Structures are given as C-alpha cells and as structure tokens.
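An overview of the molecular structure
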Amino acid sequence: MKMKRMGLWDIVYDLIKEYHAAKTDKKRQLEIAKILAKKAYLRFNFEWVSERDADTIGGRFDEQKRILEQYSQMFLDLAVEIYDILPEESSRMKSVATQMKKGAYSTLTHSSNEITPTGDKCASMVMEYVKNITE
C-alpha cells in the first residue's frame, strides 16, 4: 500500500480552509494564522539550507531560483490571508517575498552570484520571525 505524501501546499491550504471556517472565533483564527506563518517560514528555511548545503553543481542556481520563486508566491498568498488578523506578520511576509523575488530574478555571471546570498539572507530573516511568533 502506497501512502500519499502530504506536501506543504496541501497543509497550507487545509489550514487556510480551517482559518476561514473559524471566522467567528478570532482567537482560533489568530492561532491558525501564526501556525501558517511559522510552517511557511520553517519550510522555506529548511528547504533553502538543505539545497544550499547539498553541494550540487549541476542546476544548483536554477533550483535556488525555483525555491525563491515558489516561496515568494506562497508568502504573498499567506500575507493576503492573514492581513486582517496579523497585519505586522503579513507585512513581514510581503517584505521577505520581495527580497526572494529580487534573488530569483538576479542574473548569474561567472563573477557574480546574487542568488545565494539573497536566499541566505531570507532564510536567516524568517528564522528571526519564527522566534517572534513563538514568543
């Protein structure tokens, strides 16, 4: 029997559905919004760091660009969802998404790599945000 692996997008959208269902319970909505932000931040950080540390040569920068593009979109989607209940977290997510897009659209030359340092900065930033959420 093969088990279906639940991806982050599945988890996020299930939580978003639960978030909308709790619209009359602001305390529950706040809890879910924090869970959404934390999961997105942690997943990006873990995926970014594992990709960076994998020491792959072929397609490394393409994969880093893909990660930045994918998570920038997710962060923007989540920023819209949590805007009413966590406006400051929504703003942080939008800011990180902007940085990710800059990294994803950076050019890679033989003498310049702006992708990896941008991703590293974003990965570091989101871990600080995780600390703020859990305090």
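Here's a quick rundown of the structure. Quick caveat: nothing in here was measured; it's all calculated off a predicted structure.

1. Notes on the packing of aromatic side chains
Per the stated rule, a full pass over the model turns up 6 aromatic pairs. For the ring pair Y41 and Y129, a centre distance of 5.5 Å and an interplane angle of 50° mean the geometry is tilted. Of this pair, Y41 sits in helix α2 (residues 26-53) while Y129 sits in helix α5 (residues 115-134); the two residues are 88 residues apart in sequence, bridging distant segments of the chain. Here Y41 falls in the buried class, since its relative accessible area comes to 0%. For Y129, a relative accessible area of 13% puts it in the buried group.

2. Concerning the nonpolar core
Counting 36 residues, the largest nonpolar core has Y41, F44, F75 and M93 as its most contacted members. For this core, the secondary structure elements donating two or more residues are α1 (8-21), α2, α3 (60-82), α4 (87-104) and α5. Non-local contacts of M93, meaning those with residues more than four positions away in its chain, are made with A37, A40, Y41, F75, L78, A79 and I82.

3. Side note on the packing of α2 against α3
One can describe the packing of α2 onto α3 by two numbers: an axis separation of 11 Å at closest approach and a directional angle of 175°. By the angle class used here, α2 and α3 are roughly antiparallel. Residues A33, L36, A40, Y41, R43, F44, E47, W48, E51 and R52 of α2 pack against R60, E63, Q64, R66, I67, L68, Y71, M74, F75, L78 and I82 of α3. When grouped by side-chain class, the residues that make up the contact of α2 with α3 number 13 nonpolar, 1 polar and 7 charged.

Basis of the calculations
- Residues numbered from 1 in each chain as written.
- Predicted model: local features only at pLDDT ≥ 70, side-chain atom pairs only at ≥ 80, totals over all residues.
- Heavy atoms only, no water.
- Phe/Tyr/Trp six-rings, centres within 6.5 Å; stacked < 30°, edge-to-face > 60°.
- Helix = DSSP H or I, 4+ residues; strand = E, 2+ residues; numbered from the N terminus.
- Buried < 20%, exposed > 50% of the residue type's maximum accessible area, 1.4 Å probe, protein only.
- Core = buried A, V, L, I, M, F, W, Y, C linked by side-chain atoms within 4.5 Å.
- Contact = heavy atoms within 4.5 Å.
- Axes fitted to C-alpha atoms, helices over the stretch in contact; angles between N-to-C directions.
- Parallel < 35°, antiparallel > 145°, perpendicular 65-115°, else oblique.
- Nonpolar A, V, L, I, M, F, W, Y, C, P; charged D, E, K, R; others polar.

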